[in-house]
Each structure stands twice: as structure tokens, then as C-alpha cells.
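# Coordinate analysis (summary)
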Amino acid sequence: MNRYLRSQMICILLAVCSSAYSQGGVPSLDAGTVKDSTYTNAFFAMQLRIPNGWQVQDNEATRALLERGRTFVAGDDKNLNAILDASVQKSLTLLTVFKHPPGSPVDFNPSFMCVVERIPGLPGIKKGSDYLFHVRKALSSAKLQPTFEKDIYDAPVGGLEFGILETAVVIGKTTVRQKYYTTILKGYALSFISSYASDEELQTQNEITQSIKFR
């Protein structure tokens, strides 16, 4: 497997090591639609702008990458594999977009994702930062352990309060950074995950998050 595909898989897996890709567990939730570079989700009354030229990945392709690259993150760790398996019934990928088409000859492909996870029966998770506490704990158990350069903090996104977790992991000669934004909405942990490797890529990711609106 070449370095590009490995980095893309690892990026996705790190983004969802506390959740997984399945529509089976949330049948009443609409994944949303993309039209004219705008993603809309009626259930969460949410919109965001996708950068021009970025590639929308369907859920089947994302799930295939997850399965192919799973061992790079979880390895033989039974506990982490159990976390991935258990969350299949309560999570859904709403949106996955990449800067470059899959298979492009680049060392790293920046991505932006939106993932939701049902949190019934977890009264201790009252806000996004509570959820991200558990995400950080799960990430710390991954085979490729990321570093955490600051504590989880809160900031507004689209007029709502989100918890934010920043991570970094070295893949070959590239340091991949990720920002997790999570809020609790309608009984779900709604998360945006941006993955980037340069300040320029971060600027584009920031433009995506700045475009997020909740009605």
C-alpha cells in the first residue's frame, strides 16, 4: 500500500476511532444533500460550503477505506477494535470531502468530515467537550498515538458552542493535524473533523467551519 493511501486511511480512522460508519443504527436520520457546493442537512437545520473542486466521498467508499486501513490504527488491540465494532449501531457519516480525487499523486490529501453519534443513556455528556474527553481517551489507545498540543476548549461555530480537540500524528515525513469540533444536538454528538498538513490547508479548513450555519 503506498504512503498516500496509508495516510488517507489513517486520517479517516483517527477521525472516527470512537465512532464508525453505518446508516443501520440511525434509520430516521437523513444524511443530507450536496448541491452547488453546499451541504444541507434538514434534521440538524445546518448548511456549510464545500471548497470549489473538493471531492465528495460517498459512505460506501469511506467505509471501504475504514476496513482496509483498520489495522494501521487498531492493530491487534481487542479493546479498540471492540470500540469500533460497538459504535456501528449508533453512528453515521453525514459528509466526507477530500481536496484531491482518491488516488491522486500527493503525499497527503486534506479532508473534512461530519460524523454523528447517538448518545442515549449517557447523561454525563452534556456538551461537546464532555464527548471529546472520551474521544481523546480512545485516540490515546490507538496504535499510532497522536499528540495533544493543548487541552480541549470551547468556541462558537455557526452560533452554537462546540468543544474543540486538536491532535497531531506523524505519518512518514508528514505531520498530519486534526481538529475535532463537537456539539450535542437533538440527542446526538455532532462532530466536524478537519485534517490538514500545512497552514494553507488549515486556512481552507477554517473557511469551511466559518461557513457553517444553523437555522
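Anything mentioned here points back to the structure above.
Structure report, in brief. All of these numbers come straight from a predicted model, not from anything done at the bench.

### Some remarks on the nonpolar core
- Core analysis: the biggest nonpolar cluster contains 25 residues, and Met46, Leu48, Leu94 and Phe192 have the highest contact counts within it.
- Broken down by secondary-structure element, the contributors of at least two residues to this core are strand 3 (46-49), strand 5 (91-98), strand 6 (111-118), strand 8 (160-171) and strand 10 (188-196).
- Here this core takes 4 residues from strand 5, the largest share from any one element.
- If we skip the residues at most four places from it in the chain, methionine 46 touches Tyr39, Thr40, Asn41, Cys114, Leu190, Phe192, Ile212, Lys213, Phe214 and Arg215.
- Grouped together as the second largest cluster of nonpolar side chains are 12 residues, Met113, Ile125, Leu139 and Ala189 included.

### So, the sheet that holds strand 1 (residues 33-35)
- The 4 strands lie next to each other as 1-2-3-11, forming an open sheet whose pairing is antiparallel. The strands lining the two open edges of the sheet, one partner per strand, are strand 1 and strand 11 (213-214).
- Pairing analysis gives 2 bridges linking strand 3 to strand 11, with the strands arranged antiparallel. When the sheet's bridge partners are listed, methionine 46 is paired in strand 11 with phenylalanine 214.

Conventions used here
Residues numbered from 1 in each chain as written. Predicted model: local features only at pLDDT ≥ 70, side-chain atom pairs only at ≥ 80, totals over all residues. Heavy atoms only, no water. Core = buried A, V, L, I, M, F, W, Y, C linked by side-chain atoms within 4.5 Å. Buried < 20%, exposed > 50% of the residue type's maximum accessible area, 1.4 Å probe, protein only. Helix = DSSP H or I, 4+ residues; strand = E, 2+ residues; numbered from the N terminus. Contact = heavy atoms within 4.5 Å. Pairing = 2+ DSSP bridges.

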